[in-house]
Amino acid sequence: MTSETLLTVDDFSVVYDVDPPVEAVRHVSLALQRGEILGLAGESGCGKTTLAYGIQRLLKPPAVITSGRAVFHDESGEDIDINALDADAMRAFRWDKVSMVFQGAMNALNPVASIGRQLEDVFLTHRPSMGRAERREECAGLLDLVGVGRERMRSYPHELSGGMRQRVMIAMAMALRPQLMIMDEPTTALDVLVQREILEQISDLRSKLGFSVIFITHDLPLLLEISDRIAVMKDGVIVELASALDIYSDAQHEYTRRLLSSFPSLTGERGDFIRGSESTPTTTEAAL
Amino acid sequence: MRFLLRRLAFYAFTAWAAITINFFLPRMMKGDPITAYLQKHQSEFNPEAIDSLRTLFGLDSDASLLQQYLDYWRLLFSGDLGRSFSKGLAPVTEVIASALPWTLGLVGVATILSFLIGTGVGAFIGWRRGSRADYVVPFATFFSTVPYFWMGLIVIAIFSTRLGWFPASHAYDKGSSPEWSWDFIGQVIAHGTLPALTIVFASLGGWVLGMRNMMITVLDEDYVTVAEAKGLAPQRVMTRYAARNAVLPQLSSFALALGFIVGGTLVMELVFSYPGVGKLLLDATNAKDWPLMQGLFLVITLAVLVANILADIAHAMLDPRTRMMES
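What comes next concerns the included structure.

Calculation criteria
Residues numbered from 1 in each chain as written. Chains lettered and ligands numbered in written order. Predicted model: local features only at pLDDT ≥ 70, side-chain atom pairs only at ≥ 80, totals over all residues. Heavy atoms only, no water. Helix = DSSP H or I, 4+ residues; strand = E, 2+ residues; numbered from the N terminus. Buried < 20%, exposed > 50% of the residue type's maximum accessible area, 1.4 Å probe, protein only. Areas by Shrake-Rupley, 256 points an atom, 1.4 Å probe, with all protein chains shown as cover. Contact = heavy atoms within 4.5 Å. Buried area = accessible area lost by both parts, 1.4 Å probe. Salt bridge = Lys/Arg side-chain N within 4 Å of Asp/Glu carboxyl O. Polar contact = N/O pair within 3.5 Å; in protein donor to acceptor, adjacent residues only side chain to side chain. Nonpolar A, V, L, I, M, F, W, Y, C, P; charged D, E, K, R; others polar. Axes fitted to C-alpha atoms, helices over the stretch in contact; angles between N-to-C directions. Left-handed = near helix turned anticlockwise from the far one by under 90°. Pairing = 2+ DSSP bridges. Phe/Tyr/Trp six-rings, centres within 6.5 Å; stacked < 30°, edge-to-face > 60°. Patch = residues over 30% accessible without salt bridge, like charges linked within 9 Å, V, L, I, M, F, W, Y side chains within 5 Å. Parallel < 35°, antiparallel > 145°, perpendicular 65-115°, else oblique.

1. What to know about the overall build of chain B
When helices and strands are counted, chain B shows 14 helices and zero strands. Along chain B, helices (α) and strands (β) appear in the sequence α-α-α-α-α-α-α-α-α-α-α-α-α-α when read from the amino end. Looking at the 327 residues of chain B, the share that counts as buried comes to 39%. When the accessible surface of chain B is totalled, it reaches about 17,500 Å², and 67% of it is carbon and sulfur.

2. Side note on the interface of chain A and chain B
A common way to express how large an interface is: the accessible area buried when the components associate. Taken together, the contacts link 28 residues of chain A with 26 residues of chain B. Carbon and sulfur atoms supply 58% of the area that chain A and chain B bury against each other, a total of about 2,200 Å² over both sides. The interface formed by chain A and chain B holds two salt bridges in total. Where chain A touches chain B, the interface holds eight residue pairs in polar contact (both at pLDDT 80 or more). Among the elements of the structure, helix H3 (115–126) and helix H5 (162–174) of chain A are those that each provide at least two residues to the side of chain A that touches chain B. Take the side of chain A that touches chain B: its biggest share by element is seven residues, from H3(A). Here the side of chain A that touches chain B is composed, by residue class, of 13 nonpolar, nine polar and six charged.

3. Points about the packing of helix H5 (residues 92–127) of chain B against helix H8 (residues 182–219) of chain B
Residues and elements named next belong to chain B. Where H5 meets H8, the axes come as close as 5 Å, and the angle between the chain directions of the two elements is 35°. Pair H5 / H8 crosses with right-handed handedness. The residue inventory of the contact of H5 with H8, partitioned by class, reads 24 nonpolar, seven polar and one charged.

4. Structural notes on the sheet that holds strand S8 (residues 212–217) of chain A
All names here are of chain A. The mixed open sheet is built from six strands, whose spatial order is S6-S7-S8-S3-S9-S10. Taken across any chain shown, the strands that pair with only one partner, and hence form the sheet edges, are strand S6 (98–101) and strand S10 (237–243). For this sheet, the mean inter-axis angle between neighbouring strands, taken without regard to orientation, is 15°. Its contacts with the sheet put H5 on S6 and strand S7 (180–184), and the angle it makes with S6 is roughly 175°.

5. As for the packing of aromatic side chains
The description of an aromatic ring pair rests on the distance of the ring centres and on the angle between the ring planes. This model, assessed by the stated rule, comprises 17 aromatic pairs over all chains. Measuring from centroid to centroid gives 5.3 Å for Phe72(A) and Phe93(A), while their planes differ by 85°, and the two rings are edge-to-face. In this pair, Phe72(A) sits in strand S4 (residues 63–73) while Phe93(A) sits in helix H2 (residues 87–93), placing the two residues 21 residues apart along the sequence. Considering the side-chain rings of Trp102(B) and Tyr274(B), the 6.2 Å spacing of their centres and the 80° angle between planes classify their relative orientation as edge-to-face.

6. Thoughts on the sheet that holds strand S1 (residues 5–16) of chain A
Note on sheets: strands pair through backbone hydrogen bonds, and any given pair is parallel or antiparallel. Residue and element names in this part refer to chain A. Spatially, four strands are ordered S2-S1-S4-S5 in an open sheet, and the strand pairing comes out antiparallel. With partners counted over all chains shown, the strands left at the sheet margins are strand S2 (22–33) and strand S5 (79–81), one partner each. Strand-to-strand, the axes of this sheet are offset by a mean angle of 5°, without reference to chain direction. In this fold helix H1 (residues 48–55) packs onto S1, S2 and S4, with an angle of close to 115° to the strand it touches most, S1.

7. So, a nonpolar patch on the surface
Residues and elements named next belong to chain B. A contiguous nonpolar patch, built from Tyr-148, Phe-149, Trp-150, Leu-153, Ile-154, Ile-158, Leu-163, Trp-165 and Val-267 and spanning about 850 Å² of accessible area, is present on the exposed surface. Per element, the largest residue contribution to the nonpolar patch is six residues, and it comes from helix H7 (residues 148–162). For Trp-165, the location among the structural elements is in the loop between H7 and H8.

8. Brief notes about the packing of helix H4 (residues 132–145) of chain A against H5(A)
Residue and element names in this part refer to chain A. At a closest axis distance of 9 Å, the pairing of H4 and H5 adopts a crossing angle of 130°. When the interaxial angle is binned, H4 and H5 end up oblique. In the crossing of H4 with H5, the sense of the turn from one axis to the other is right-handed. Residues Leu-142, Leu-143 and Leu-145 of H4 touch H5, and the partners they reach there are Val-168, Ala-171 and Met-174.

9. Observations regarding the environment of Gly236(A)
Residue and element names in this part refer to chain A. By the element assignment, Gly-236 lies in the loop between strand S9 (229–234) and S10. Relative accessible area serves as the criterion here: at 0%, Gly-236 is assigned to the buried category. Along the sequence, Gly-236 and Ser-13 sit 223 residues apart, while their C-alpha atoms lie 8.4 Å from each other. With near-sequence residues (within four places) excluded, Gly-236 lies in contact with Ala-24, Val-25, Arg-26, Val-28 and Cys-46.

10. As for the side chain of Ser99(A)
Residue and element names in this part refer to chain A. Looking at where Ser-99 falls in the secondary structure, it is placed in strand S6. By relative accessible area, Ser-99 is classed as buried at 0%. In this structure the side chain of Ser-99 is engaged in a polar contact, spanning 2.8 Å, whose partner is the backbone oxygen of Ala-173. Here Ser-99 is in contact with Gln-56, Ala-173, Pro-178, Leu-180, Met-181 and Ile-182, once residues within four sequence places are set aside.

11. A short note on the pattern of salt bridges
Residue and element names in this part refer to chain A. On inspection of all chains with the given rule, the structure shows 23 salt bridges over all chains. The shortest N-O distance in the salt bridge between Glu-225 and Arg-196 comes to 3.2 Å. In this pair, Glu-225 sits in helix H7 (residues 220–226) while Arg-196 sits in helix H6 (residues 192–209), placing the two residues 29 residues apart along the sequence. Given a relative accessible area of 25%, Glu-225 falls into the partly exposed group. Classification of Arg-196 by relative accessible area gives partly exposed; the value is 23%. Close ionic contact of Glu-254 with Arg-258 constitutes a salt bridge, the shortest N to O distance being 3.7 Å.

So, in structure tokens, the structure goes:
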């Protein structure tokens, strides 16, 4: 892995301008390396989704970005200050450089359009010069790639299972070969088996295509397994940012330790809260 | 396909029920309409004429109810709805046919216009929620609560009596008769403007508010955020993602509105003395003209049915989920 930086977030703050104002993200700074999987962990409401939306400038009022900036270091060597882009440039930037997979696969697809059309939408907008046949072929290839299969092009979202919908979303996120993919709890609504398949798929695709991932979840053991580095967030502040191994074996912050201890280990005492057999080996694997 | 057949069976049953009720209704009334009619016009008829009238209205035979019912269906299919007392014994079909185009033209055009404009405006101000476009909302609410007929009277008072821009009543100038000439078409438009305006203004508010509220609901859906994150042009997000979903509930209301085009504007036609179906129904009721009333009820019922079929088809075309659920 190269140590080249892909995204620099500097002193980033977001406030929800309600009464009283909520400081959802407070002076967050982090640097993401090219090709890296960065885990963003924390309890519900800690501001991790707000941070991700803020980087993509997808926040709607009453959310206001009060300070800081996010700079994207493009492959071409150009540095793009995301906050300084005008509306058109922002739209061109979205999905092309940074794409997202959203929480809640069930509602992320437009119910009245076939998934083929929704995939094509991406190319229509960002690659207007592409011919119709080429576009179709590209979409079919993407569906094959994520294991949904090209014969599903004409299916509607309600005809697919939750796991398949999430795969379609991943296919869509990869459509333009972005350099960064932000995944916001992509597997939370799915059962552990489907979750595992999808995670393996993401890892596969990443090693094939070499994009970076910001992976947002509250599931710390899962992050320990898949990510290179983990940022732990609490009340809008990143309290600890270290490699997965360091977080697991040598957590510095008291909150990280509390978060870790809330998941039982394989050798935990009988009678402790028993988590699904699926993810307990996970923690040990990552620690090895 | 099975979906279509099931819907068709349902509509066939509804049509049968409506027509059967239409058959029995006058038979449950006290006395027969002929006697009432004859009493009113006693001096004008000699006994032979009375006999032939009774024959004409089928009151001379002692056919059983079942036989009458079957005859009713047979005549219905041959397009014979009987004769109207109050319109000089003209066939009911002809009387209705002379009124129907006026209503369909005026109310139909006005309703469709109102739906299109209202839904468009609603989609736009829903999309721009929280901006200055929201000032439309109180006006829309105000206009949607004003009764048709009252607005009609105001419109007549301003544009016809005071300003003299448009004629206040009838479908065309007195003294001219329907024909395909530019002059006549111009008259129809001039006479139709005020009632059409009234209908559009009175119903516009409902469409605007309905669409705006649906838009605001839909805009919070994840797929709209996804569409924005995909970098699609705002116009595309608004039309293909937001409005496309928000318009679905509007369609059901639109189908109902279409169904009521034929029967639902009685007061409006009265205010403007417009020679449509509503006014005809009122005349028929006043004159106790049973055959004509029966014919009108039939036409109104069928109109509602046809509108519902259209709505079903539109829904199936626009919403893939309904296609699945019902098949």
